[in-house]
Amino acid sequence: MPAKPLPELIDFARRNSPFYAELYRDLPARVERLSELPLIEQTAFWAANSWPDNRLLTGPLLDGGVYKTGGTTGVPKFSPWTRTEHADSVTAFGAGLVQAGLKPGHRVANLFWAGELYGGFLYIENALHHAPVDNVRLPVGAAPDAYVAGLITDFGVDVLAGEPMKLSSVAEHLVKHGQVAERIELLLFGGDLLFADLRPILSRAFPNAAVASIGYASVDAGLVGAPVPGDDVRVHEAFPNRTVVELVDDVSGAPITEPGVPGRVVVTNLFRTLMPILRYPTGDRAEWVDAAGGRFRLVGRSVEGARVGTVAMPTEEVRAVLLAHDPDRHISGMQMVQRRWDGKDGLILRLGYTEEPPAELAGRLVEAVYRARPLYPDDVAAGVIHDLLVEWVPRSELVTNPRTGKLQQVVDERPPA
């Protein structure tokens, strides 16, 4: 499906979608540049995309499919695609799989979640079907780890594709049973970032496997970025003639062009017309590697992190501190749990392990976080918040979304105000 010229796409959206007509009512009759458009405000966008009485779509849904988000950060959202839009998207995404390391003849076990309109499994299955190299598709889904381990041996699986937490779960099963899957050549992860704390368990179970992003897409934003070959699995690039990726300042919304400066990821899709995606914030943060070439490095979710009292605790910054002070790699997963007791807020660092950590490690980790975030112990001393606590749990007991298997980075267990 050919991309629409930007002015034509904008004009089509505002003429046929009541939502975009309202959003763009004060703009000039012809808009040439994305910078002239306001950023999408997600609450209003999804309120207009209600079922029934939809005010976002540009026409009736007559021939296509509907995906639904996992709902990890809010109310699940429905995203319709026409037949041609979907075919174009999975074709482009399938081509990106070769950049990720897919080779002719690879046998690929698809471990992504399926059902209840969730798009991960079906989207990847279609992308593999449309990939430009021959491959054998094994549509496993969210099967038990023991089944996956057996399939690797019995069917000669070369590639595992799935959520990071599912891949690490299979790895943990193998390690606990004294097994090593040497024949796995490639681990393709998607749906979430692959955090450094999962690398050790993956390396133990799959010693010969390269690790790569399967690509960057989402149910709501659609196609965003293709994987870029290399050691940095967070680097992606916009799909030429299909997506435009912008990075904007978190506060001002001003465009970022300088490499290494993080900002919000904003995407425009040039071929989706039923549900236009024009300057849509994906919820992720990234920094430019090569702005002119459309290459960017994902650095985390824009909405993730805990706040305890006045102290902000960004997920990735806290994770980096913990891993730097865990030389023996006992940590194999992290989430922050917000609780309230005795009239004050507190934060628990829930850390997953595969092998029991030494008793003194928790104290060292808390001290390291305090040095990195000195406002935290200051507020503790002032009696505003509780001391930071560490809770060790088996990696399998970290809280994940029951539908998608994604790790919940922040779990808020505080009672309603």
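Looking at an unreviewed UniProt entry, one finds the protein named Phenylacetate--CoA ligase family protein, with Kitasatospora misakiensis as its source organism.

A. Representation of the overall build of the protein. Secondary structure assignment for the protein yields eleven helices and 20 strands. Whereas a compact globule of 417 residues would reach a radius of gyration of roughly 22 Å, the protein reaches 22 Å, a difference of no more than 12%. In terms of its C-alpha atoms, the protein occupies a principal-axis envelope of roughly 65 × 60 × 40 Å. A total of 417 residues make up the protein; the buried ones form 52% of that total. Partitioning the intrachain contacts of the protein with sequence separation of at least 6 by distance along the chain shows that 66% fall at a separation of at least 24. Total accessible area on the protein is roughly 18000 Å²; 53% of this is exposed by carbon and sulfur atoms. Considering the protein, the positive charge centre built from 41 side chains and the negative charge centre built from 52 side chains are found 3 Å apart.

B. Structural view of the sheet that holds strand S9 (residues 222-227). Taking strand neighbours across the sheet as the criterion, the seven strands line up as S8-S9-S10-S14-S13-S12-S11 in an open arrangement whose pairing is antiparallel. The strands lining the two open edges of the sheet, one partner per strand, are strand S8 (216-218) and strand S11 (243-248). Between one strand and the next, the sheet's axes are offset by a mean angle of 45 degrees, whatever the strand orientation. Across six bridges, strand S13 (residues 280-290) lies against strand S14 (residues 295-301) in antiparallel orientation.

C. The pairing of strand S7 (residues 210-213), seen in detail. Judged from the four bridges that link them, strand S6 (residues 186-189) and S7 form a sheet pairing that is parallel. Bridge assignment links Leu188 to a residue of S7, and that residue is Ala212. Once you follow S6 into helix H8 (residues 199-205) and on to S7, the crossover reads as right-handed.

D. Geometry of the pattern of salt bridges. Within this structure, the stated rule accounts for 27 salt bridges. With a closest N to O distance of 2.9 Å, Arg395 and Glu172 form a salt bridge. Remark: Glu172 occurs in helix H7 (residues 164-176) and Arg395 occurs in the loop between strand S19 (389-394) and strand S20 (410-412); sequence separation between them is 223 residues. Across the pair, exposure class does not vary: Arg395 and Glu172 are buried alike. Arg319 is paired through a salt bridge with Glu316; the nearest N and O atoms lie 3.1 Å apart. A residue pair is termed a helical-turn pair when its members lie 3 or 4 positions apart in one helix, as Arg319 and Glu316 do in helix H9 (residues 315-324) at three residues. By relative accessible area, which is 3% here, Arg319 ends up buried.

E. Structural detail: helix H5 (residues 120-129). For H5, a buried count of seven out of ten residues is recorded, marking the element as mostly surrounded by other parts of the structure. Of all the positions in H5, only Gly120, Phe121, Tyr123, Ile124, Glu125, Ala127 and Leu128 are classed as buried. Of the surrounding secondary structure, the elements contacted by the buried residues of H5 are strand S1 (64-68), helix H4 (83-100), strand S3 (106-110), strand S4 (135-139), S8 and S9.

Definitions and cut-offs
- Residues numbered from 1 in each chain as written.
- Predicted model: local features only at pLDDT ≥ 70, side-chain atom pairs only at ≥ 80, totals over all residues.
- Heavy atoms only, no water.
- Helix = DSSP H or I, 4+ residues; strand = E, 2+ residues; numbered from the N terminus.
- Rg over C-alpha atoms; globule rule 2.2 N^0.38 Å.
- Buried < 20%, exposed > 50% of the residue type's maximum accessible area, 1.4 Å probe, protein only.
- Contact = heavy atoms within 4.5 Å.
- Areas by Shrake-Rupley, 256 points an atom, 1.4 Å probe, with all protein chains shown as cover.
- Lys, Arg positive; Asp, Glu negative; His and termini not counted.
- Charge placed at Lys NZ, Arg CZ, Asp CG, Glu CD.
- Pairing = 2+ DSSP bridges.
- Axes fitted to C-alpha atoms, helices over the stretch in contact; angles between N-to-C directions.
- Right-handed = clockwise from strand over helix to strand, strands pointing away.
- Salt bridge = Lys/Arg side-chain N within 4 Å of Asp/Glu carboxyl O.

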